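# Architecture and fold: a report
Single-letter residue listing:
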Amino acid sequence: MTEPILKINHLSKSFGNHEILRDIDFNVYKGDVTSIIGMSGSGKSTLLRCINLLETPTSGDIIFNGENITSGAMSPTTYRAKVGMVFQSFNLFANMTVLENCMAGQIKVLKKSKDEARACALHYLDQVGMAPYINAKPRQISGGQKQRVAIARALAMSPEVLLFDEPTSALDPEMVGEVLSVMKKLANDGMTMLVVTHEMAFAHDISSKVVFMNKGVICEEGSPYELFGNPKKQETKDFLARFIER
Amino acid sequence: MERIIDLGHDMARIWAQYYPAYMTGVRNTLILAFIATLAGGIIGFICGILNTIPYSKNDPAVKRGFIAFIRAIVRIYVEFFRGTPMVLQAVFIFYGLPYFTFNKVQFTGNSGIWIASLIIVSINTGAYMAESVRGGILSIDRGQTEGAMAIGMNHIQTMTSVIMPQALRNIMPQVANNFIINIKDTSVMFIIGFMDLFAQHRNIVGINYAFFPSAAIEMLIYLAMTFTASCLLRFIEKRMDGNDNYELVLADIATAAGNYNFPNKGTPFDEQNREVAHMENEERINSEYVAENHFISQTPSAEQTETIGKGAQ
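Report on the accompanying structure. (Residues numbered from 1 in each chain as written. Chains lettered and ligands numbered in written order. Predicted model: local features only at pLDDT ≥ 70, side-chain atom pairs only at ≥ 80, totals over all residues. Heavy atoms only, no water.)

## With respect to a nonpolar patch on the surface
Residue and element names in this part refer to chain B. Under the convention used in this document: Candidates for patches are residues over 30% relative accessible area with no salt bridge; among them, like charges are joined within 9 Å and nonpolar side chains (Val, Leu, Ile, Met, Phe, Trp, Tyr) within 5 Å. Computed with the Shrake-Rupley method and a 1.4 Å probe, the accessible areas treat only the protein chains shown as cover for residues. Salt bridges are identified by distance alone: a Lys or Arg side-chain nitrogen within 4 Å of an Asp or Glu carboxyl oxygen. Numbering of helices and strands starts at the N terminus; helices are DSSP runs of H or I of at least 4 residues and strands are runs of E of at least 2. The rule is simple: take the accessible area with a 1.4 Å probe, protein chains only, and divide by the maximum for that residue type; under 20% is buried, over 50% is exposed, in between is partly exposed.
Nonpolar side chains collect at one region of the surface, where Leu-168, Leu-232, Phe-235, Ile-236 and Met-240 lie side by side and expose about 430 Å² of accessible area between them. Among the elements that make up the nonpolar patch, the one with the highest residue count is helix H8 (residues 211–241) (4 residues). With respect to the helices and strands, Met-240 occurs in helix H8. A relative accessible area of 31% means that Met-240 is categorised as partly exposed.

Below is the structure:
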């Protein structure tokens with residue numbers, strides 16, 4: 001039995017009296033592409049932010065490669081360096097060029113030499129098709145391009161898991177494709193990914209597992225074939241019906 | 001009209017006679033204002049970083065208490081130095097320190113006056129800058145901090161390499177403001193005997209009683225200094241914004257990327273493919289052998305990587 005790379009145990013999160021996540025349990029194995037789908041406000045993004053410790057869980061554990069992250073045994077910065085995150089709003093550093101964006105973490109956090117960081121950054125920028133734009137500032141490129149740079153920035157840290165928080169939601173429709181195709185390529189190459197998304201086609205075609213969240217709990221999970229083809233819960237059916245109607 | 005011509009004559013006469021004194025004043029004023037603004041800016045940035053150290057409810061009480069203590073100190077510093085006149089602060093420090101230390105700490109001679117003036121104006125500017133910097137930090141989108149945290153940067157790294165450079169750009173108009181205010185307000189340092197431009201005026205009119213012509217000269221000089229400073233800082237702001245265009249790079253990328261041979265591990269791209277992932281899934285039930293074998297065959301050998309590098313060259 002292979003150990004899961006990421007194990008979420010009874011995770012809960014409240015903001016004040018408002019309970020966003022309740023008793024979330026699931027495992028991520030190496031090479032898995034897990035899609036998290038659900039209505040807006042169902043806690044998908046909060047779950048992802050908790051996994052990257054951008055939000056502190058109210059209770060529950062996150063076990064990463066057998067180490068408990070929430071207990072404080074591993075410092076959050078060390079952990080975050082190993083778990084990449086791609087945001088809905090890109091969050092590229094506005095004061096740096098595309099290349100510098102991909103080098104900063106390697107130099108500051110991984111303590112790589114400048115040359116090494118540069119070569120690695122160029123490698124990944126090339127992979128996402130952004131190599132010609134290394135001298136551009138984030139404000140000078142389009143949304144789809146920004147998101148591809150953000151993916152390269154995350155990859156340059158050689159993460160073990162990559163989290164995507166609605167990576168295409170802030171994009172114009174014609175740019176969604178370019179980002180999804182990069183993600184598809186990553187998935188095919190065996191990257192372990194956890195994707196919060198509204199792109200049902202992507203979830204259906206690419207993921208090895210789909211998690212449907214509703215009102216802060218995991219309502220149903222399974223292979224895309226099971227969940228999309230033969231949903232068991234009524235909530236899942238309602239949610240999927242709404243997407244198919246459109 | 002006649003009076004204006006007369007004034008011109010008087011000013012020319014006094015300038016001709018005393019211009020070395022005025023120029024010394026200009027030099028002293030500019031040096032003091034420049035260094036104090038710079039030092040004040042640094043103090044402001046340090047206060048800004050200290051003021052924004054994050055903490056959560058889960059942190060131990062000691063850490064939270066310490067952070068609260070630091071914030072209180074910064075707050076007291078800002079409120080005190082922003083809330084009292086610089087003239088009084090000058091007197092307070094220049095005479096107060098020797099008073100409390102029974103003359104063990106003294107500002108003696110010309111260098112003593114310089115040191116005291118630099119300290120006072122810097123601390124004063126720092127108090128104003130602390131608030132400007134705080135505003136500058138608050139103006140930066142929260143996503144920038146999250147982006148930096150997500151790649152594993154700590155607070156100091158996030159601040160120095162992501163937030164502060166952007167905050168600095170945003171508060172440049174404030175820095176310019178402070179520099180100009182310092183050029184003018186260092187004049188109150190005459191109270192502890194600092195020989196700035198205004199102090200020269202007091203000396204000169206003490207000899208010849210030509211109050212108005214000398215004041216007119218001073219006015220012109222101050223205006224010239226502040227206007228130059230203002231233009232210079234506008235120029236610096238423009239430089240900080242950088243070029244609006246960027247060049248597409250097509251040539252050397254392939255070489256550089258191809259030469260990178262991933263010393264410790266392969267890339268996530270070649271580490272494992274989809275097929276293998278499936279195999280591993282099955283392997284949880286089945287045997288370990290198949291996946292293991294595939295894994296090895298997927299990783300490029302050192303030889304392969306080298307050829308790729310050479311090919312690209």
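## So, the interface of chain B and chain A
Note the cut-off: Contacts between residues were defined by any pair of non-hydrogen atoms, one from each residue, lying within 4.5 Å. Summed over both partners, buried area is the accessible surface (1.4 Å probe) that two parts give up on being assembled. Polar contact is defined as a pair of N or O atoms within 3.5 Å, subject to the rule that within protein one atom must be able to donate a hydrogen and the other to accept it, and that residues adjacent in sequence are counted only when both atoms are side-chain atoms. Residue classes follow a fixed rule: Ala, Val, Leu, Ile, Met, Phe, Trp, Tyr, Cys and Pro count as nonpolar, while Asp, Glu, Lys and Arg count as charged, and any other residue, Gly among them, counts as polar.
Of the residues lining the interface, 48 residues belong to chain B; the matching set on chain A comes to 62 residues. Summing both sides of the interface, chain B and chain A together bury roughly 4,500 Å²; the carbon and sulfur share of this comes to 56%. Linking chain B to chain A there are 1 salt bridge. If you look at where chain B meets chain A, you find 8 residue pairs in polar contact (both at pLDDT 80 or more). Those elements giving two or more residues to the side of chain B that touches chain A turn out to be helix H5 (142–150), helix H6 (155–185), helix H9 (253–259), helix H10 (268–271) and helix H11 (274–283) of chain B. Counting residues per element, the side of chain B that touches chain A draws most heavily on H5(B), at 7 residues. Taken together, the residues that form the side of chain B that touches chain A break down as 20 nonpolar, 16 polar and 12 charged.

## Things to note about the packing of aromatic side chains
To keep it simple, the criterion reads: Aromatic contacts are taken between Phe, Tyr and Trp rings whose centres are within 6.5 Å, Trp giving its six-membered ring; a plane angle under 30 degrees counts as stacked, one over 60 as edge-to-face, and the others as tilted.
Per the counting criterion, the structure on display carries 12 aromatic pairs over all chains. The interplanar angle of 40 degrees and the centroid separation of 5.0 Å between the aromatic rings of Phe212(A) and Phe239(A) together place this pair among those described as tilted. One end of the pair, Phe212(A), is in strand S9 (residues 209–214); the other, Phe239(A), is in helix H9 (residues 234–245), and 27 residues separate them in sequence. Exposure class is identical for Phe212(A) and Phe239(A). Each is buried. Residues Trp15(B) and Tyr19(B) carry aromatic rings whose centres are separated by 6.0 Å and whose planes lie at 35 degrees to one another, so their mutual orientation is tilted. Here Tyr19(B) and Trp15(B) lie together in helix H1 (residues 2–51), a separation of 4 residues that amounts to about one turn. For Trp15(B), a relative accessible area of 33% gives the class partly exposed. Of the residues examined, Tyr19(B) reaches a relative accessible area of 42% and is grouped as partly exposed. An aromatic cluster is defined as three or more aromatic residues linked by ring pairs; in this entry it consists of Trp15(B), Tyr19(B) and Tyr22(B).

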